[in-house]
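If you want the building blocks of each chain, they are given just below.
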Amino acid sequence: MKTITVFKGDGIGPEITEAVLNILDAAKAPLEYEMFRVGAAEYEENGALIPDAAFASFEKNKVLLKSPITTPVGKGFRSLNVTLREKYDLYANIRPAKSNSAVKTPFQDIDIVTFRENTEDLYVGVEKQIDPDTVYATKIITRKASTRIITDAFEYARAQGRKKVTCVHKANILKQSDGLFLSIFQAIAQNYPDIEADDKIVDNVCMQLVMRPQQFDIMVMPNLYGDIVSDLTSGLIGGLGLLPSSNLGKDYAMFEAVHGSAPDIAGKNIANPTALLWSACMMLEHLGEMEIARTIRRAVDQVLAEGSCKTPDLGGQATTSKYCEAIIARL
C-alpha cells in the first residue's frame, strides 16, 4: 500500500474528493490516505491556510492529491497553488486535453498536452505600487527553469511517441525575457532531431487553437501563457471539468483538477469530479499503477458514452453521487 496526502480543498472540493476516493477504493487502488482540510475555512478556525501537519504529510509521502482551493481576487491571501508549487519546486505543470467522443464539441480528435513552467514568470507575485495610479509587476524568466521545462516537454514527446513540440511565447515584444525562453527552446530542439519543433506567438496560438487545433501536439511555454492557453484547450474538449493536471518536481508530485472551487454550486451535489478523477489517474500512472488507471478511464468513457448519467456541465442532470455510482458500477 502507498500512502498519499489528500487536501480536500473548499467550495466543491470536499464533494469531488469524496467521489474520487470512492472510485479509487472501488477500483482497488492500493492507496491509503492522510486527509487534511486547507483553505479559507481552515484559516478562519485555526489561523493557518495549510496546517503544519499537512505540510509534514506531503513531505513524508511525496505525493499529493489536491482538490480546488478558493483564491480571493485582488485581495486576501496568496494562491495556495502558487505557494505549494514554489515551496516544493513543482516546476512542471502538465495539462493533457483529449477529446471524448461522447462529449460533443465543435472540435473532435483533440489531443494536446500543455507543458507550463510552474515557478516563475509573473506568478512570482512581485508587484510594487509606484504611486496611487501606477503598479509595476516583475516578470522573471531564468535559464534554469526554462531549460528543465523545455527538456521535459521533449523527453515526454519522445517517450510517448509524439511528433511535435511547439514553443509558445511573445518574444516579438518581450525580446529579452521571452526571447531567452525561445532561444533555449531552439537550442534544446537540436538535441531531438526525431521530433518536429516550431514556435508561435501566444496570440496567434489562441487564434489557431479555435480554428485548427489539430495542428498542435505538445506545447511548452512560460507560466502565465500556460495558465491561459491550457484553459482554452479545456474549452475545446468540453470544459474545465474534463482537464486534469500534474505538478511535478524532482522530489514531489502534486495532482489536481485545473478548475476552481466553484463556490456557487458547492453543497448542491452537482459538481463534475472527472477532472480530479483523471488527475488521480495521472497520479496512479506516476505510482506505476497503469492498469488501474486504464480501468478507471474505461469506466468513465463508458458512462459518458452511455449518456444518461452526465453532470449538468456536460448537458446532463445527474448528481455527483449518481455519476460516481455509475462509474463504480462499470469498474
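Residues numbered from 1 in each chain as written. Predicted model: local features only at pLDDT ≥ 70, side-chain atom pairs only at ≥ 80, totals over all residues. Heavy atoms only, no water.

Description of the overall build of the protein
Piece 1. Scanning the protein from terminus to terminus reveals 11 helices and 12 strands.
Piece 2. A compact globule built from 331 residues would reach a C-alpha radius of gyration of about 20 Å, and the protein, at 20 Å, matches this within 12%.
Piece 3. Taken over the C-alpha atoms alone, the protein extends approximately 55 × 45 × 40 Å along its principal axes.
Piece 4. Of the contacts made within the protein by residues no fewer than 6 positions apart, 72% connect residues no fewer than 24 positions apart.
Piece 5. Within the structure as shown, the protein displays about 14800 Å² of accessible surface, and the carbon and sulfur contribution to it stands at 52%.
Piece 6. The average position of the 36 basic charges and that of the 42 acidic charges among the side chains of the protein differ by 3 Å. (Helix = DSSP H or I, 4+ residues; strand = E, 2+ residues; numbered from the N terminus. Rg over C-alpha atoms; globule rule 2.2 N^0.38 Å. Contact = heavy atoms within 4.5 Å. Areas by Shrake-Rupley, 256 points an atom, 1.4 Å probe, with all protein chains shown as cover. Lys, Arg positive; Asp, Glu negative; His and termini not counted. Charge placed at Lys NZ, Arg CZ, Asp CG, Glu CD.)

Notes on the environment of Asp217
Piece 1. Looking at the element boundaries, Asp217 is found in the loop between helix H7 (202-209) and strand E10 (218-221).
Piece 2. Judged by relative accessible area, which is 12%, Asp217 ranks as buried.
Piece 3. In this structure, the C-alpha to C-alpha distance between Asp217 and Asp111, residues 106 residues apart in sequence, is 6.5 Å.
Piece 4. When near neighbours in sequence (up to four residues on either side) are disregarded, Asp217 contacts Asp111, Ile112, Val113, Arg162, Lys163 and Lys164.
Piece 5. A polar atom in the side chain of Asp217 sits 2.9 Å from the backbone nitrogen of Lys163.
Piece 6. Among the polar contacts listed, one links the side chain of Asp217 to the backbone nitrogen of Lys164, at a separation of 3.3 Å. (Buried < 20%, exposed > 50% of the residue type's maximum accessible area, 1.4 Å probe, protein only. Polar contact = N/O pair within 3.5 Å; in protein donor to acceptor, adjacent residues only side chain to side chain.)

A look at a nonpolar patch on the surface
Piece 1. Nonpolar side chains collect at one region of the surface, where Met207, Val210 and Met211 lie side by side and expose about 290 Å² of accessible area between them.
Piece 2. Tracing the backbone shows Val210 in the loop between H7 and E10. (Patch = residues over 30% accessible without salt bridge, like charges linked within 9 Å, V, L, I, M, F, W, Y side chains within 5 Å. Salt bridge = Lys/Arg side-chain N within 4 Å of Asp/Glu carboxyl O.)

Some remarks on unusual backbone geometry
Piece 1. Positive phi, close to 45°, is recorded for Ala262, a residue that is not glycine.
Piece 2. Among the secondary structure elements, Ala262 is positioned in the loop between strand E12 (253-257) and helix H9 (274-286).
Piece 3. Of note in the backbone geometry, Asn269 takes a positive phi value of approximately 60° without being a glycine.
Piece 4. Along the polypeptide, Asn269 turns up in the loop between E12 and H9.
Piece 5. Of the residues examined, Asn269 reaches a relative accessible area of 27% and is grouped as partly exposed.

Quick look at the pairing of E12
Piece 1. Burial within E12 is extensive, with five of its five residues counted as buried.
Piece 2. In E12, alternate side chains face the same way, and those of Ala253, Phe255 and Ala257 on one face and Met254 and Glu256 on the other are all buried.
Piece 3. For strand E3 (residues 63-66) and E12, the ladder comprises four bridges, and the chain directions are parallel. Bridge pairing in E12 places Leu65 opposite Phe255.
Piece 4. Two strands pair when backbone bridges link them, and strand E11 (residues 244-248) and E12 are joined in this way by five bridges, in the antiparallel orientation. Bridging across to E12, Pro244 finds its partner in Ala257.
Piece 5. Following E11, the chain reverses through four residues before pairing antiparallel with E12. (Pairing = 2+ DSSP bridges.)

Description of the side chain of Asn100
Piece 1. Relative to the elements of secondary structure, Asn100 occurs in the loop between strand E4 (92-98) and strand E5 (111-117).
Piece 2. Judged by its relative accessible area of 10%, Asn100 is buried.
Piece 3. Look past the residues within four positions of Asn100 in its chain and what remains in contact with it is Gln108, Trp278, Asp301 and Leu304.

Some thoughts on the layout of surface pockets
Piece 1. Volume-wise, the largest pocket comes out at about 790 Å³.
Piece 2. Contributing to the lining of the largest pocket are 24 residues, with Pro96, Tyr156, Met282, Glu285 and Arg297 lying nearest its centre.
Piece 3. For the lining of the largest pocket, the residue count by class is 13 nonpolar, five polar and six charged. (1 Å grid on protein atoms, 1.4 Å probe; cavity = no way out; pocket = protein on both sides within 12 Å on 5 of 7 lines; lining within 4 Å. Points joined across faces, edges and corners; volume = space filled by probe spheres on them. Nonpolar A, V, L, I, M, F, W, Y, C, P; charged D, E, K, R; others polar.)

Looking at the packing of aromatic side chains
Piece 1. On inspection of all chains with the given rule, the structure shows eight aromatic pairs.
Piece 2. When the ring of Phe154 is compared with that of Phe185, the centres are 5.5 Å apart and the planes differ by 35°; the resulting orientation is tilted. Of this pair, Phe154 sits in helix H5 (residues 143-160) while Phe185 is found in helix H6 (residues 177-189), placing the two residues 31 residues apart along the sequence. Each of the two residues, Phe154 as well as Phe185, counts as buried. (Phe/Tyr/Trp six-rings, centres within 6.5 Å; stacked < 30°, edge-to-face > 60°.)

A short note on the packing of helix H10 (residues 290-306) against helix H11 (residues 320-329)
Piece 1. One way to put it is that H10 packs onto H11 with a least axis distance of 8 Å and a crossing angle of 120°. By the angle between their axes, H10 is oblique relative to H11. For H10 against H11, the interelement crossing comes out right-handed. Mapping the contact onto sequence places Ala299, Val300, Val303 and Leu304 in H10 and Tyr323, Ala326 and Ile327 in H11.
Piece 2. Looking at the contact of H10 with H11, its residues break down into seven nonpolar, no polar and no charged. (Axes fitted to C-alpha atoms, helices over the stretch in contact; angles between N-to-C directions. Parallel < 35°, antiparallel > 145°, perpendicular 65-115°, else oblique. Left-handed = near helix turned anticlockwise from the far one by under 90°.)

Quick word on the sheet that holds E5
Piece 1. Taking strand neighbours across the sheet as the criterion, the 10 strands line up as E2-E1-E3-E12-E11-E4-E5-E10-E8-E9 in an open arrangement whose pairing is mixed. Here the strands that pair on one side only, and so sit at the sheet edges, are strand E2 (31-36) and strand E9 (196-201). Taking each pair of neighbouring strands and ignoring which way they run, the sheet shows an average axis angle of 25°.
Piece 2. Where strand E1 (residues 2-7) and E3 come together, three bridges link them in parallel fashion. Bridging from a neighbouring strand, Phe7 pairs with Lys66 of E3.
Piece 3. Seen against the sheet, H9 touches E1, E2, E3, E4, E11 and E12 and runs at an angle of roughly 160° to E12.

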